[in-house]
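# A look at the structure
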Amino acid sequence: NEERRLKFCKEMTEVLQFPVEPAASAEEATRFGDIVITATTSREPVVKGEWLRAGTHVNAIGANMSNRREMDDAALRRALIIAGDSRDQARGEAGDLLHGLPPANRSLGELVEHKDLVESSKPLHTSDEQITVFKSSGIAVWDVAAAGLIYQEALRKKKGRPFAIWQELPR
């Protein structure tokens, strides 16, 4: 929806104090980034595997019901690593995986759980050309904890700029 997209970009430009510009389409946004984040309630895929550049990482954080999808089968087929919060949770909520893995000749058994990514002593991602996917079903406390650690580390390294996390967004 163009009106909502423009409103969102205007609000985020004000909050973040740098320009946030809208993409004309999901394809344009997907082809542009090295990191693609989807946060929709779509029942139909909004990201196609053919649009992903080599080396792209997809964070699919919406569509957390068994009848919703953000990525098509080709996106899952192209991904070297598909990670998620938990296999058990994915079985009930990750429509992307439930419907997209079988046509991609893959299974939930291949899902690398979030905890295993954190605990792993060997790199799973071995090339800048590999496409990776993280399908979140929404264990929010993990997101908050990770964001807090990243933010604190950025402050320690004097990267980026501090901002008020608890400020109210413009309406």
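Structure: above.
The rules behind these values
- Residues numbered from 1 in each chain as written.
- Predicted model: local features only at pLDDT ≥ 70, side-chain atom pairs only at ≥ 80, totals over all residues.
- Heavy atoms only, no water.
- 1 Å grid on protein atoms, 1.4 Å probe; cavity = no way out; pocket = protein on both sides within 12 Å on 5 of 7 lines; lining within 4 Å.
- Points joined across faces, edges and corners; volume = space filled by probe spheres on them.
- Nonpolar A, V, L, I, M, F, W, Y, C, P; charged D, E, K, R; others polar.
- Helix = DSSP H or I, 4+ residues; strand = E, 2+ residues; numbered from the N terminus.
- Buried < 20%, exposed > 50% of the residue type's maximum accessible area, 1.4 Å probe, protein only.
- Pairing = 2+ DSSP bridges.
- Core = buried A, V, L, I, M, F, W, Y, C linked by side-chain atoms within 4.5 Å.
- Contact = heavy atoms within 4.5 Å.
- Expected span 1.5 Å × (residues − 1).
- Polar contact = N/O pair within 3.5 Å; in protein donor to acceptor, adjacent residues only side chain to side chain.

### A word on empty space enclosed by the protein
Scanning the model with the defined rule gives one cavity of 30 Å³ or more in all. As for the largest cavity, its lining consists of I82, L101, R106, S107, E110 and L111. Residues of the lining of the largest cavity, tallied by class, amount to three nonpolar, one polar and two charged.

### Observations concerning the layout of surface pockets
Volume-wise, the largest pocket comes out at about 1,100 Å³. Lining the largest pocket are 25 residues, and of these R5, F8, A23, A29 and I37 lie nearest its centre. At the level of secondary structure, the elements contributing two or more residues to the lining of the largest pocket comprise helix 1 (2-16), helix 2 (26-32) and strand 1 (35-38). If you tally residues by element for the lining of the largest pocket, the top one is helix 2, at five residues. In terms of residue class, the lining of the largest pocket is built from 15 nonpolar, six polar and four charged.

### Things to note about the pairing of strand 2 (residues 57-60)
Side-chain alternation along strand 2 places V58 and A60 on a buried face and H57 and N59 on a face that remains uncovered. Where strand 1 lies against strand 2, four bridges are found, and the strand directions are parallel. Directly across from I35, in strand 2, lies its bridge partner H57. With four bridges connecting them, strand 2 and strand 5 (residues 131-135) associate as parallel partners.

### With respect to the nonpolar core
Among the nonpolar cores identified, the biggest contains 19 residues, and L52, V58, M71, L76, I82 and L97 are the most heavily contacted of them. With near-sequence residues (within four places) excluded, L76 lies in contact with M71, I82, D96, L97, G100, L101, A104 and R106.

### A few points about unusual backbone geometry
Phi is positive for A63, which is not a glycine, with a value near 45°. Relative to the helices and strands, A63 resides in the loop between strand 2 and helix 3 (73-78). Although it is not a glycine, N105 sits at a positive phi angle of roughly 55°. With respect to the helices and strands, N105 occurs in the loop between helix 5 (95-100) and strand 4 (112-113).

### What about the environment of K10?
Looking at the element boundaries, K10 is found in helix 1. Along the backbone, K10 and E93 are 83 residues apart, and their C-alpha atoms lie at a distance of 33 Å.

### Quick look at the sheet that holds strand 2
Strand order across the open sheet formed by five strands is 1-2-5-3-4, with parallel pairing between neighbours. Each end of this open sheet is capped by a strand with a single partner; those strands are strand 1 and strand 4. Pairing of strand 3 (residues 79-84) with strand 5, which is carried by five bridges, proceeds in the parallel orientation. For G84, the partnering residue across the bridge sits in strand 5 and is K135.

### Structural notes on the side chain of T30
Secondary-structure assignment places T30 in helix 2. The buried category is assigned to T30, whose relative accessible area is 2%. Other than its neighbours up to four places away in sequence, T30 contacts V36, V47, W51 and L52.

### Points about helix 1
Under the 1.5 Å per step criterion, the end-to-end length of helix 1 is 21 Å for 15 residues, consistent within 8% with the ideal 21 Å. Among the residues making up helix 1, those that are buried are C9, E11, M12 and V15. The backbone nitrogen of E3 lies 3.0 Å from a side-chain oxygen of the residue at the head of helix 1, namely N1. Count one or two residues on from helix 1 and you reach Q17, which has phi positive near 60°.

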